[in-house]
Amino acid sequence: GWKGVSDEQWAKIRKHVPARPERPHGGRPAADDRKCFEGILWIAWTGSPWAALPKEYGSASTCWRRLKEWEAGGVFLNMWRALLAELNDADKLDWDDVLLTAVLLSKKGGGKVGKTKRGKGTKWMVVVDGAGTPLGAHLDSASPSEVKLLETTLDTIAVSRKHRPGRPRKHPKRLIADKGYDSNKLRKALAKRGIEPIIPARSNNPRATHQDGRKLRRYTHRYIIERTFAWLGQFRRLVVRYERHDRLYSGFFHLACAMLTLRRVLK
């Protein structure tokens, strides 16, 4: 159930929230950042309409504007990546087996909405580490196939080490994906990037490459990413896309990923 943001969580979050600019000519003071953050998180968690936001979090329109402002400034995405860097510094990210999947959401109109055989929708591509922590994600219309979006999704991984300068890490040892990604061309591209593909072949593809039976046993780890989507599904605002503006919907998704990562940081 909904528990709000604890003091321990806010201590980690507040350093990534930009300070409000001072108003030299006076005027009404800006709304409290913590209240706005908790209000946005309440909407994300419950899936309720903005009009139902409890008064304790302040004005719904103020929280909506703050969501728009923070996502435009990359606040949630940068927070998520900073928390991933903290986990990476502590060697708590499992880079051996990285898993990838896609989820489709229905939406009649708006940015990044495309047609499929089942109607219009938006597609989230998500990649997680071996423990289920989201490492990267890509939002697109539902029209392009997962195969075409896989490498773009991998490029959203940018996990660095705070205390060890250098290029951010983007490549896991192995990538586990389902039969929807069955493509010899794709497997070859992954191998070229130094990533071992663990992708079972469809029954109509007798010439599939990289089908070592011993290595394919790792496909049983597939449940990890299904568990991550169950965690993301607890943020009810993600289950059905209400936002016409894809930037606002991305804000909710990046926020959810940051909160899942924070939960692991504080373990």
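The preceding data block contains the structure.
This structure is a prediction, so every number in the text was calculated from the model and none was measured.

Criteria and thresholds
Residues numbered from 1 in each chain as written. Predicted model: local features only at pLDDT ≥ 70, side-chain atom pairs only at ≥ 80, totals over all residues. Heavy atoms only, no water. Helix = DSSP H or I, 4+ residues; strand = E, 2+ residues; numbered from the N terminus. Buried < 20%, exposed > 50% of the residue type's maximum accessible area, 1.4 Å probe, protein only. Polar contact = N/O pair within 3.5 Å; in protein donor to acceptor, adjacent residues only side chain to side chain. Patch = residues over 30% accessible without salt bridge, like charges linked within 9 Å, V, L, I, M, F, W, Y side chains within 5 Å. Areas by Shrake-Rupley, 256 points an atom, 1.4 Å probe, with all protein chains shown as cover. Salt bridge = Lys/Arg side-chain N within 4 Å of Asp/Glu carboxyl O. Contact = heavy atoms within 4.5 Å. Axes fitted to C-alpha atoms, helices over the stretch in contact; angles between N-to-C directions. Parallel < 35°, antiparallel > 145°, perpendicular 65-115°, else oblique. Nonpolar A, V, L, I, M, F, W, Y, C, P; charged D, E, K, R; others polar. Core = buried A, V, L, I, M, F, W, Y, C linked by side-chain atoms within 4.5 Å. Arc of directions from axis to C-beta.

Moving on, we come to the environment of Arg 237. Within the element layout of this structure, Arg 237 appears in helix 9 (residues 236-239). Judged by its relative accessible area of 6%, Arg 237 is buried. Of note is the side chain of Arg 237, whose polar atom sits 2.7 Å from the backbone oxygen of Ser 48.

Let's shift gears to unusual backbone geometry. With phi around 55 degrees, Asp 91 is a residue other than glycine that occupies positive phi space. Looking at the element boundaries, Asp 91 is found in the loop between helix 4 (75-89) and strand 1 (97-106). Phi is positive for His 210, which is not a glycine, with a value near 55 degrees. With respect to the helices and strands, His 210 occurs in the loop between strand 8 (196-198) and helix 7 (213-216).

With that out of the way, let us pick up a nonpolar patch on the surface. On the surface, a cluster of nonpolar side chains totalling about 250 Å² of accessible area is made up of Val 239, Val 240 and Tyr 242. Assignment of secondary structure puts Val 239 in helix 9. We classify Val 239 as partly exposed; its relative accessible area is 36%.

Summed over the entire model, instances satisfying the criterion amount to 17 salt bridges. Residue Glu 146 pairs with Lys 123 through a salt bridge whose shortest N-O separation is 3.8 Å. Of this pair, Glu 146 sits in helix 5 (residues 146-154) while Lys 123 sits in strand 3 (residues 119-128); the two residues are 23 residues apart in sequence, bridging distant segments of the chain. Accessibility expressed as a relative area gives 25% for Glu 146, which makes it partly exposed. Since its relative accessible area comes to 3%, Lys 123 is described here as buried.

Turning to its location among the elements, Gln 9 is positioned in helix 1 (residues 7-13). According to the relative accessible area criterion, Gln 9 is buried, its value standing at 17%. Of note is the side chain of Gln 9, whose polar atom sits 3.0 Å from the backbone nitrogen of Ser 6. When near neighbours in sequence (up to four residues on either side) are disregarded, Gln 9 contacts Gly 4, Met 259, Leu 262 and Leu 266.

As a further point, take the packing of helix 2 (residues 33-46) against helix 3 (residues 60-72). A packed helix pair is summarised by two numbers, namely the angle formed by the two axes and the spacing between the axes. Between helix 2 and helix 3, whose axes approach to 9 Å, the crossing angle comes to 90 degrees. As judged from the angle between their axes, helix 2 and helix 3 are roughly perpendicular. Contact with helix 2, carried on its side by Asp 33, Cys 36, Phe 37, Gly 39 and Ile 40, involves Thr 62, Cys 63, Arg 66, Leu 67 and Trp 70 of helix 3 and no other residues of that element. Across the contact of helix 2 with helix 3, the residue classes tally to six nonpolar, two polar and two charged.

A word on the nonpolar core. Counting residues in hydrophobic clusters, the biggest one holds 71 residues, and the most contacted among them are Ile 13, Phe 37 and Leu 135. If you tally residues by element for this core, the top one is helix 10 (residues 246-265), at twelve residues. Apart from the residues lying within four places of it in its own chain, the contact partners of Ile 13 are Val 5, Phe 37, Met 79, Met 259 and Leu 262.

On to helix 6 (residues 184-192), then. Regarding helix 6, the residues found buried are Leu 186, Arg 187 and Leu 190. In an axial view of helix 6, the angular spread of the buried residues amounts to 100 degrees, which keeps them on one side of the axis. Among the exposed residues of helix 6, those oriented more than 90 degrees off its buried face are Lys 185, Lys 188 and Lys 192. At the exit of helix 6 stands Gly 194, carrying a positive phi of roughly 85 degrees.

Once that is clear, we can look at the packing of helix 2 against helix 10. Relative to each other, helix 2 and helix 10 sit at 100 degrees, their axes nearing to 10 Å. Overall, the two elements helix 2 and helix 10 adopt an arrangement that is roughly perpendicular. Contact with helix 2, carried on its side by Phe 37, Ile 40, Leu 41, Ile 43 and Ala 44, involves Phe 252, Leu 255 and Met 259 of helix 10 and no other residues of that element. Looking at the contact of helix 2 with helix 10 residue by residue, the class counts come to eight nonpolar, no polar and no charged.

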